[in-house]
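Read off the chains here:
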Number of protein chains: 2
Amino acid sequence: MIDSQLAVSYDDILRAARTLDGVAQRTPVLTSHQADAHANARVFFKCENFQRAGAFKFRGAYNAIGCLNDEGRRNGVVTFSSGNHAQAIALAARLLDVSATVIMPSDAPTAKQAATREYGAEIILYDREKDDREELTAGIVRERGLTLIPFDHPEVIAGQGTAAKELFEEVGPLQYLFVCVGGGGLLSGSAIAAAHLAPDCVVIGVEPEAGNDAQQSLRSGTIVRIPVPTTIADGARTQFIGKLVLPILREHVRDIVTVSDAQLRRQMRFFAERMKIVVEPTGCLASAAVLDRVLDFSGARVGVIVSGGNIDTSVFSDALCSFSSPLIVR
Amino acid sequence: MIDSQLAVSYDDILRAARTLDGVAQRTPVLTSHQADAHANARVFFKCENFQRAGAFKFRGAYNAIGCLNDEGRRNGVVTFSSGNHAQAIALAARLLDVSATVIMPSDAPTAKQAATREYGAEIILYDREKDDREELTAGIVRERGLTLIPFDHPEVIAGQGTAAKELFEEVGPLQYLFVCVGGGGLLSGSAIAAAHLAPDCVVIGVEPEAGNDAQQSLRSGTIVRIPVPTTIADGARTQFIGKLVLPILREHVRDIVTVSDAQLRRQMRFFAERMKIVVEPTGCLASAAVLDRVLDFSGARVGVIVSGGNIDTSVFSDALCSFSSPLIVR
């Protein structure tokens with residue numbers, strides 16, 4: 001372990017946990033005999049779909065805004081996000097009495113746009129195909145004197161790491177931990193928590209088949225950029241992982257695997273029918289990999305981060321009804 | 001308190017808790033800032049939709065079958081149920097290696113029929129309008145020498161009471177506890193737990209507007225029978241409450257209130273969109289009463305039992321999509 005060379009240490013996660021204490025939900029860990037039968041393992045689902053604003057992102061957002069000095073708070077914050085980080089920044093900013101501006105792609109789910117607006121943030125929409133998000137953001141930061149809080153930010157990553165910390169504290173040793181990857185904040189935060197709390201735990205990232213930039217980046221050791229991937233996992237339609245993220249993944253993550261949209265839909269239905277929880281497609285990434293046994297972890301104790309539950313009702317209903325063959329217990 | 005005259009005591013609940021330890025899920029208690037805003041109170045949701053077989057019924061079923069002597073276990077059990085008690089008996093019997101026969105109305109949700117069959121029970125269907133369920137059951141008990149485990153059974157009621165016991169243990173004092181009523185097993189078990197653990201807690205039952213037999217029975221002091229009520233709350237399409245139940249309700253339940261199917265649909269959508277959980281219509285009864293503020297409990301700590309989550313996917317999708325105006329936080 002050479003945490004000292006990485007942007008985030010376990011001490012940062014501990015500090016984030018103190019900042020979040022009494023503000024973030026300590027989300028429950030669910031288990032399911034049927035999930036265990038599918039995975040042929042003992043699976044622990046850390047349910048961040050029950051987190052405030054519906055996803056783990058609240059942890060990082062609140063921690064980052066909470067770490068601002070008085071001037072930073074007075075000036076307000078800005079971020080770019082397809083949805084959950086946007087909602088999280090909006091809610092965290094409101095709770096901390098800071099103004100928030102959020103730059104969202106125009107194809108972000110309407111539920112996520114509406115929630116972000118409800119929490120009181122100003123939304124600026126852009127075209128994912130045509131506009132340069134970073135240029136747009138840089139311009140707004142310059143003009144308005146706002147503090148940028150992207151997903152690739154030490155205090156954001158430290159905040160995201162508190163979910164895995166809680167999971168290990170609650171269930172004890174795990175041999176595997178599966179985490180979804182969009183920009184990589186949750187995966188890198190989780191990996192640092194795991195490296196400290198369970199050094200023998202194998203950490204695996206999961207991203208959509210349609211956009212395996214994180215897999216390519218981890219395997220090649222350089223950040224690979226891809227076109228906007230077409231996948232129902234809207235939270236993982238990222239084109240590249242963060243600069244702070246890659247060294248952490250190289251140090252602490254064994255591999256990144258992929259799952260298809262069909263697997264995500266099936267997993268969404270399994271969650272609704274069998275486990276009675278609403279999980280968005282991105283939140284199904286890690287679980288789909290585990291229930292479809294991408295690796296041989298027979299008999300192991302396997303942790304899964306269920307990252308979020310924000311999904312348009314109509315999209316959710318379609319996914320539930322589009323299937324004729326639910327998963328059958330093997 | 002004159003528990004000694006009642007069919008079930010708190011000691012029975014303690015014994016049931018020991019029987020269920022390590023077998024039943026200790027289900028999580030969820031909270032929601034948005035729910036609190038609706039109710040203008042601090043609301044604690046005991047989520048029995050996460051119980052094994054998807055509803056609190058597993059508690060009573062497993063406890064009752066677990067209390068059988070060797071002969072009873074060898075002979076097998078029989079019950080009648082519209083769904084959740086059926087699934088619960090089927091699963092509990094399988095776990096205890098006992099054969100189970102379940103008498104279900106032919107209009108029971110197909111998901112509940114399928115799950116009951118999957119757990120290995122034999123299903124006998126009857127026509128709710130034409131057939132006499134009790135006569136049919138009595139005939140089968142006679143012919144096959146099975147032990148009848150109805151919902152109105154001391155060990156079933158004691159088992160159901162363990163959910164409220166866990167809720168009080170986890171969250172501490174509550175001023176109100178809201179519980180749905182079908183046959184009354186959950187409400188009476190919960191009321192006994194509350195009377196012991198929180199004697200000042202006001203216990204309120206909630207049933208569908210379309211079938212207020214429990215309300216009439218509690219208020220009149222005699223068991224009132226009604227025609228099969230037409231409501232989406234299929235678990236509360238009961239025509240009368242149990243004989244063991246009524247004296248417990250008279251002793252320990254303040255009142256029974258009703259909610260409409262429209263309120264149940266809205267609550268189902270609230271649970272899915274805002275709290276990310278799948279709750280069946282019957283499971284929404286108590287919560288709908290609380291979020292629609294049937295009583296003035298401003299500022300109080302209010303417990304709610306979310307009784308189950310077993311619902312046909314198509315019915316669930318319809319309910320989610322049938323609405324144009326979701327609940328707005330007041």
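Residues numbered from 1 in each chain as written. Chains lettered and ligands numbered in written order. Predicted model: local features only at pLDDT ≥ 70, side-chain atom pairs only at ≥ 80, totals over all residues. Heavy atoms only, no water.

A. Just helix α10 (residues 213–220) of chain B, in detail. Taken together, the buried positions of α10(B) are B:D213, B:A214, B:Q215, B:S217 and B:L218. Buried residues belonging to α10(B) abut β8 (202–208), α11 (245–252) and β9 (255–259) of chain B. (Buried < 20%, exposed > 50% of the residue type's maximum accessible area, 1.4 Å probe, protein only. Helix = DSSP H or I, 4+ residues; strand = E, 2+ residues; numbered from the N terminus. Contact = heavy atoms within 4.5 Å.)

B. Structural detail: the packing of aromatic side chains. Residue and element names in this part refer to chain A. One pass over the full model with this rule turns up twelve aromatic pairs over all chains. Within the aromatic cluster, the residues linked to one another by ring pairs are Y176, F178 and F297. Sitting above the plane of the F240 ring, R225 keeps its charged end 3.9 Å from the centroid. (Phe/Tyr/Trp six-rings, centres within 6.5 Å; stacked < 30°, edge-to-face > 60°. Lys NZ or Arg CZ within 6 Å of the ring centre and 35° of its normal.)

C. The arrangement of the relation of the copies chain A and chain B in detail. Under the fitted operation, chain A is carried onto chain B by 0.0 Å of movement along the axis and a turn of 180°, and the coordinates agree to an RMSD of 0.0 Å. Here the symmetry operator amounts to a two-fold rotation axis. Residue by residue, 100% of the interface of chain A is reproduced at the interface of chain B, so both copies engage with the same surface. (Least-squares fit on C-alpha atoms with pLDDT ≥ 70 in both.)

D. Focus on the side chain of A:N84. Structurally, the position occupied by A:N84 is in helix α5 (residues 84–95). Aside from chain neighbours lying at most four places away, what touches A:N84 is A:A55, A:K57, A:K112, A:E280 and A:N310.

E. Examining the packing of helix α1 (residues 10–20) of chain A against helix α3 (residues 57–66) of chain A more closely. All names here are of chain A. Contact geometry of α1 with α3 gives a least axis separation of 10 Å together with a crossing angle of 90°. If you check the angle between α1 and α3, you find them roughly perpendicular. Contacts from A16, T19 and L20 in α1 reach F58, R59, Y62 and N63 in α3. Of the residues that constitute the contact of α1 with α3, the class distribution is four nonpolar, two polar and one charged. (Axes fitted to C-alpha atoms, helices over the stretch in contact; angles between N-to-C directions. Parallel < 35°, antiparallel > 145°, perpendicular 65-115°, else oblique. Nonpolar A, V, L, I, M, F, W, Y, C, P; charged D, E, K, R; others polar.)

F. Expanded view of the nonpolar core. A:F45, A:L177, A:F178, B:F45, B:L177 and B:F178 are the most contacted members of the largest nonpolar core, which totals 160 residues. Setting aside chain neighbours within four positions, we find A:F178 in contact with A:I204, A:V206, A:A286, A:A289, A:V290, A:V294, A:L295, A:F297, A:V302, A:G303, A:V304 and A:I305. (Core = buried A, V, L, I, M, F, W, Y, C linked by side-chain atoms within 4.5 Å.)

G. Representation of the sheet that holds strand β9 (residues 255–259) of chain A. Residues and elements named next belong to chain A. The mixed open sheet is built from six strands, whose spatial order is β1-β2-β10-β7-β8-β9. Edge positions in the sheet fall to β1 (29–30) and β9, since each has one partner strand and no second. Contacts from helix α8 (residues 154–171) reach β1, β2 (42–47), β7 (176–180) and β10 (301–306) within the one sheet, and its direction differs from that of β2 by about 135°. Sheet strands in contact with helix α10 (residues 213–220) are β8 (202–208) and β9, and its direction is about 155° off that of β9. (Pairing = 2+ DSSP bridges.)

H. Geometry of the environment of A:A86. All names here are of chain A. Within the secondary structure layout, A86 lies in helix α5. For the pair A86 and A53, spaced 33 residues apart in sequence, the C-alpha separation works out to 9.7 Å. Contacts of A86, omitting those with residues within four sequence positions, involve S81, V102, M104 and T116.

I. Molecular detail of the pattern of salt bridges. In total, this model carries 31 salt bridges over all chains according to the counting rule given. A salt bridge links B:E280 to B:K112, with the shortest nitrogen-to-oxygen separation between them at 2.7 Å. Taken together, the residues B:E280 in the loop between α12 (261–275) and α13 (285–291) and B:K112 in helix α6 (residues 110–118) connect sequence positions 168 residues apart. There is no split in this pair, since B:E280 and B:K112 are both buried. Here the salt bridges do not stand alone but share partners, grouping A:K46, A:E48, A:R59 and A:E166 into one network. (Salt bridge = Lys/Arg side-chain N within 4 Å of Asp/Glu carboxyl O.)

J. Structural detail: the interface of chain A and chain B. Taken together, the contact pairs 25 residues of chain A with 25 residues of chain B. Summed over the shared surface of chain A and chain B, the result is two salt bridges. For A:R274, the salt bridge is made with B:E118, and the minimal N-O distance between the two is 3.8 Å. The tally of links between chain A and chain B comes to twelve residue pairs in polar contact (both at pLDDT 80 or more). (Polar contact = N/O pair within 3.5 Å; in protein donor to acceptor, adjacent residues only side chain to side chain.)

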